[in-house]
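# Coordinates in review
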Amino acid sequence: MASAIAPITNRFTRRVTRDVVGSLTVGTALAFIYWHKFHLPAIQEYRAWDKVVFAETKAIHDEYYAKLNK
């Protein structure tokens, strides 16, 4: 006896595949946005600050060793 309604085949697998692919796509896009909009500018700001602090520390040390060697 044939059924009037076609059987639903492979629906769960398609749904899981779509969910996984969609999650990976959205997650990768959000990670890319975070990395380039928040993380890299923060690192650049930190490195600029670090250069200033290093220059100040070097100046203090150079002054100290200049007085020491007189």
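Residues numbered from 1 in each chain as written. Predicted model: local features only at pLDDT ≥ 70, side-chain atom pairs only at ≥ 80, totals over all residues. Heavy atoms only, no water.

Moving on, we come to the packing of aromatic side chains. Tallied over the full model, the rule gives three aromatic pairs. Ring geometry for Tyr46 versus Trp49: centroids 5.9 Å apart, planes at 35°, classification tilted. Here Trp49 and Tyr46 lie together in helix α1 (residues 11-68), a separation of three residues that amounts to about one turn. Using a relative accessible area of 47% as the deciding quantity, one classes Tyr46 as partly exposed. Seen in terms of ring centroids, Tyr64 and Tyr65 are 5.3 Å apart; in terms of plane orientation they differ by 70°. Their pairing is edge-to-face. (Phe/Tyr/Trp six-rings, centres within 6.5 Å; stacked < 30°, edge-to-face > 60°. Helix = DSSP H or I, 4+ residues; strand = E, 2+ residues; numbered from the N terminus. Buried < 20%, exposed > 50% of the residue type's maximum accessible area, 1.4 Å probe, protein only.)

A contiguous nonpolar patch, built from Phe12, Val16, Val20 and Leu24 and spanning about 410 Å² of accessible area, is present on the exposed surface. Examined against the element boundaries, Val20 turns out to sit in helix α1. Overall, Val20 belongs to the partly exposed group, its relative accessible area being 43%. (Patch = residues over 30% accessible without salt bridge, like charges linked within 9 Å, V, L, I, M, F, W, Y side chains within 5 Å. Areas by Shrake-Rupley, 256 points an atom, 1.4 Å probe, with all protein chains shown as cover. Salt bridge = Lys/Arg side-chain N within 4 Å of Asp/Glu carboxyl O.)

Read these as spatial facts, not as claims about activity.
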